[in-house]
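# Secondary and tertiary structure notes
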Amino acid sequence: MKLAYQFKLIPTSSQKCRMSKWLDMLRHQYNYLLADRFDWWEMNRCSINACPLVCSITEPREQPEYYGQKRSLVSLKLQREWYKDIHADVLQDMVKRVDLAFARFIKGDSNGKRSGKPRFKSKNRYRTFAYQRVKPDCIQGNRVGLPKLGEIKFIQHRPIPDGFVIKRALVTLKADSWYLTLTLEDAGVPDNPTIDIEPTEANSIGVDAGLEYFAACSDGTMVEPPKFYRRAEQKLAKLQAKRELRKKGSTARRKLNHCLAKLHQQIARQRKQWHFELAGDLVGKAEVIFIEDLKVSNMAKRNKPKQDEEGNFLPNGQAAKSGLNKSFADAGISGFLNEVLPYKAARAGRLVVKVNPSGTSQHCAICLSRVPKELSDRWHECSCGASMPRDLNSGILIKKVGLGVRLTIKRESGKSRRRSPHSNL
Ligand SMILES: [Zn+2]
């Protein structure tokens, strides 16, 4: 099992200076190696419909790859002596980052999902360097020993758990300070332990996540979204307006940028803390937690542009949608459902089960009959006497669906949504 613990570093000013210098040097080399790879592609390609003789003819050179670039570090240290200051492990990790960024662009990750073209990094986008290996006993009292940098004071706000060994160390410059992230590993515990719990009526809970109520649980608890971003919006706008008055590149503008970054960091931290606390509450309530299998990234898309016959653009409701998208981002539903909750549950030995969300808002949780609603109908009223907030109804239904109840999903026209495999023959 792997864990990542983050601690705040308290470096001396000379240590800060050295680490910033390292970041700068690493970034330059990162950009250089990336450019090297782009150059090779540029030189060695030829579009199908073009004559290769029109293209520049150069001596074919070896394609830059991970090991070749790693070997180039030797000559780099000879030509530019100041690179000797950086620990070899940290330099090699930088080459690995180039390789990873490029591999994701060309081949895609393990799921085959390709990323965009890697960018050359500006000062604000290169903020981390990593030691691939550190000594397991690098922590002594309130100091951590990092090769070449020496002993750095840090705040150990929680102990390293028993049985875990320190494997990697990452040093990151954030808006407010330097941070150390330690990767811990316990080889004795499997990565994805199989949790075998049979869900029953008594030990499970259904959770409906939304914007009106962040979480509506089948036991009746309703949690309102905290809206940290919305609350700070005025403050942000004020700072942004002030920044716009300052000249680009001026010290005053840089300082205001720093203030803004800190405010954004605060908002993100508030949200994260709140998510973890809520996840802890939910995990404490039941052994099996049923959630909707939502695609929030689809929900937060922009509306399609509408045009009339002459090609003029018509109102498409994007203004309202933008507001909604901001709320989606502010709530962070996707991060909560896909990362925080499963993580918390796994550590507590609980189970999170995703259920198909179709029909969970259009049926009655008590009698299971169909009660069609628009998105604006926030209250659920049924002829069987059920009367409750719409989200609570969904929460109860999600639990029922998770426990094996099947809803008959029909369209307005009465046709069944699921087509038989031969229907299009
Ligand atoms: Zn009913």
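Here, residues in each chain are numbered from 1, in the same order as that chain's written sequence. Predicted model: local features are reported for residues with pLDDT of at least 70 only, side-chain atom pairs are reported and counted for 80 or more only, and whole-chain, interface and lining totals are derived from all residues.

### Regarding the domain arrangement of the protein
Splitting the protein by domain gives domain 1 (2-185) and domain 2 (204-302 + 320-402). Domain segmentation is taken from an automatic or database assignment of domains. Placing the centre of domain 1 and that of domain 2 at their C-alpha centroids yields a distance of 34 Å.

### A look at the environment of L407
Assignment of secondary structure puts L407 in the segment after α9 (390-402). C-beta atoms are first placed from the backbone for all residues, and any pair lying within 7 Å is then listed as a contact. Once residues within four sequence positions are removed from consideration, L407 is found in contact with G359, H363, L368 and V401. Each helix is a run of H or I in the DSSP string that is no shorter than four residues. Each strand is a run of E no shorter than two, and both are numbered from the N terminus.

### Here we look at the packing of helix α1 (residues 13-43) against helix α3 (residues 88-106)
Packed helices, taken two at a time, are described by their axes: the angle between them and the distance between them. In this analysis, axes come from line fits to C-alpha atoms, helices being fitted only over the stretch in contact, and the angle between any two N-to-C directions falls in the range 0 to 180 degrees. Interaxial distance between α1 and α3 falls to 10 Å at its minimum, and their mutual angle equals 40 degrees. Overall, the two elements α1 and α3 adopt an arrangement that is oblique. Relative to α3, α1 is oriented so that their crossing is right-handed. Every residue of α3 that contacts α1 at W22, L26, Q29, Y30, L33, L34 and R37 is listed here: V90, M94, V95, R97, V98 and F102. Note on terminology: angles under 35 degrees are roughly parallel, angles over 145 are roughly antiparallel, angles of 65 to 115 are roughly perpendicular, and the others are oblique. Crossings are sorted by hand: turned counterclockwise from the far helix by less than a right angle, the near helix makes the crossing left-handed, and turned clockwise it makes it right-handed.

### Observations regarding the nonpolar core
One nonpolar core equals one set of buried Ala, Val, Leu, Ile, Met, Phe, Trp, Tyr and Cys residues connected by C-beta atoms within 7 Å. Buried means a residue has 20 or more other C-beta atoms within 10 Å of its own C-beta, exposed means 12 or fewer, and partly exposed covers the counts in between; C-beta atoms are placed from the backbone. V207, A209, A215, I289, I291 and L341 are the most contacted members of the largest nonpolar core, which has 32 residues in total. Breaking this core down by element, the ones donating at least two residues are β8 (204-209), β9 (215-217), α5 (251-285), β11 (288-292), α8 (333-348), β14 (351-355) and α9. Residues in contact with L341, not counting those within four places in the same chain, are A279, L282, I289, F336 and V352. Core analysis: the next-biggest nonpolar cluster, separate from the first, contains 23 residues, L9, L91, F102 and A169 among them.

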